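# Structural description and commentary
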Amino acid sequence: MTGAAAYRTVAPSLTRAGSPAEAGTDARRRAAALDGEAPAAYLNPYVAGVGLGLVLLAAFVVMGRGLGASGAFTSMVAAGVEAVAPEHARANGMFGHYLAAGPLWTDWLAWEILGVAAGGLLSALLAGRFRSAVERGPRVTDRARLLYAFGGGAVMGVGAKLARGCTSGQALTGGALLSAGSWLFIAGAFAAGYAAAPLFRRQWL
Amino acid sequence: MRAPLYEWGFFGDGASLLVALAVGVAFGWFLERGGMGNARKLAAQFYFRDLTVFKVLFTAVVTAMLGVFWLTRLGLLEPSLLYVPPTWVVPQLLGGLVFGVGFVMGGLCPGTSCVAISSGRRDGLAVLGGMLFGILLFGEAFPVLEGLYSATPVGTLTLPEVLRLPYEATVLLVTAMAVAGFVLAERLERGRGGPVGPGPDTPQGGT
């Protein structure tokens, strides 16, 4: 892998973002990325964090509510179950609750998550970071990674339902509003992530 | 007129869906900008290689928290109209633990899986598929799980109440802890090969 060293040199570092000299470098990188040479470096994490925080604050100010993701997916699953077995879905304590809120196209979080995908696409395209790939460590196959991804997604789905939210609805939104349950969720998620990490080391490193 | 604008009937339900779309676009934009659509980058968090998840998450939490604090203080925001997620102690702690295992196994969370998908990453699609399956499983098992799901409800409970601290002091404490965490994160990352970039290489392999 001869490209590895070259990519590492364009990997983002903390000190880079924002300085005028670097702005020129970024523009050049972006041009190079559009030529298919190399993707632009990621934004400084603290700058990205402030941006996300301001988006969340805007949601509070305009709507009185925060962000979410797993809630939108629950509405989609509920709508799917309803399409297959309407009575069964409406009788179910969880799906019924989501269905009672109205049809899927009137769901606030469903529109928001549609926007998330669109915003991610726009950002990736403009930075030359759109790439058809499977992100994984060097020691596993794409197939193994996709199986882990599906399994991890399923476990996460169960966890998010039990906790009544995920990284968006609990960690970001509830965290900023100082909800005690949200901070319990954050503590649990980080603790379990670190505790389980050795089991999945092969997949990533 | 004080925020939140929607609560005052400033605009209707139809417009609120357009707001949702716009908020989502901005949310997805900053997630992708920060590299949060890259599972390798997110997972590196749990091996102390790249603490971007921690930095982005807590910078965002502190920014929004301080924003709510100051807008309230300036009389521009009515905090009682904000929806604060209520607390169920056991299911939220347990749910967090389960979620954390799924996070390091799948490498993406629900929101970031959307960004991974729309930036071309096929593993994002697998995470999303798994998540829909997990939600379906949970829903179908809901009659059995309902007891656990509804256990230990305490209503709206906030950190100032738990810690018996004034709101201002709690805001200060959370900010100070986040900053201390950032300093620690920078130290931990040093000498570990640098953060994971957007390229197709697999840095920090081996060891």
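Before reading on, note that the structure itself is shown above.
Read on for an overview of the structure. (Residues numbered from 1 in each chain as written. Chains lettered and ligands numbered in written order. Predicted model: local features only at pLDDT ≥ 70, side-chain atom pairs only at ≥ 80, totals over all residues. Heavy atoms only, no water.)

All names here are of chain A. Along the polypeptide, leucine 205 turns up in the segment after helix H11 (201-204). The exposure class assigned to leucine 205 is buried, which follows from its relative accessible area of 4%. Distance in space between the C-alpha atoms of leucine 205 and valine 140 is 9.3 Å, their sequence separation being 65 residues. (Helix = DSSP H or I, 4+ residues; strand = E, 2+ residues; numbered from the N terminus. Buried < 20%, exposed > 50% of the residue type's maximum accessible area, 1.4 Å probe, protein only.)

Turning to the layout of surface pockets, a few remarks are in order. Each pocket or cavity is described by its volume, and for the largest pocket that value is around 1000 Å³. Along the walls of the largest pocket sit 38 residues, with Arg65, Gly71, His97, Tyr98 and Leu109 of chain A positioned nearest its centre. Considering each element in turn, the lining of the largest pocket owes the most residues, 6 residues, to helix H4 (residues 70-84) of chain A. Looking at the second largest pocket, its volume works out to about 330 Å³. Lining the second largest pocket are 13 residues, and of these Trp183 and Ile186 of chain A together with Phe58, Val174 and Met177 of chain B sit closest to its centre. Those elements that provide at least two residues to the lining of the second largest pocket are helix H10 (180-196) of chain A together with helix H3 (52-73), helix H8 (159-163) and helix H9 (167-189) of chain B. (1 Å grid on protein atoms, 1.4 Å probe; cavity = no way out; pocket = protein on both sides within 12 Å on 5 of 7 lines; lining within 4 Å. Points joined across faces, edges and corners; volume = space filled by probe spheres on them.)

With the rule as written, the count across this model stands at 12 salt bridges over all chains. Aspartate 142 of chain A serves as the salt-bridge partner of arginine 136 of chain A, at 2.6 Å between the closest nitrogen and oxygen. On the basis of relative accessibility, which here comes to 24%, the residue arginine 136 of chain A falls in the partly exposed class. The class of aspartate 142 of chain A is partly exposed, set by a relative accessible area of 29%. Overlapping salt bridges bring together Arg131 and Glu135 of chain A together with Arg40 and Arg121 of chain B as one network. (Salt bridge = Lys/Arg side-chain N within 4 Å of Asp/Glu carboxyl O.)

Overall, the coordinates contain 20 aromatic pairs over all chains when judged by the stated rule. Taken together, a centroid distance of 5.1 Å and an interplanar angle of 70 degrees make the contact between tyrosine 46 of chain A and phenylalanine 182 of chain B edge-to-face. Linking tyrosine 46 of chain A in helix H3 (residues 45-63) with phenylalanine 182 of chain B in helix H9, this pair reaches from one chain into another. Aromatic ring contacts, followed pair by pair, group Tyr46, Trp183, Phe185, Phe190 and Tyr194 of chain A together with Phe46, Phe48, Phe54, Phe58, Phe99, Phe103 and Phe182 of chain B into a single cluster. Above the plane of the ring of tyrosine 149 of chain B lies arginine 164 of chain A, whose end atom (NZ or CZ) is 3.7 Å from the centre. (Phe/Tyr/Trp six-rings, centres within 6.5 Å; stacked < 30°, edge-to-face > 60°. Lys NZ or Arg CZ within 6 Å of the ring centre and 35° of its normal.)

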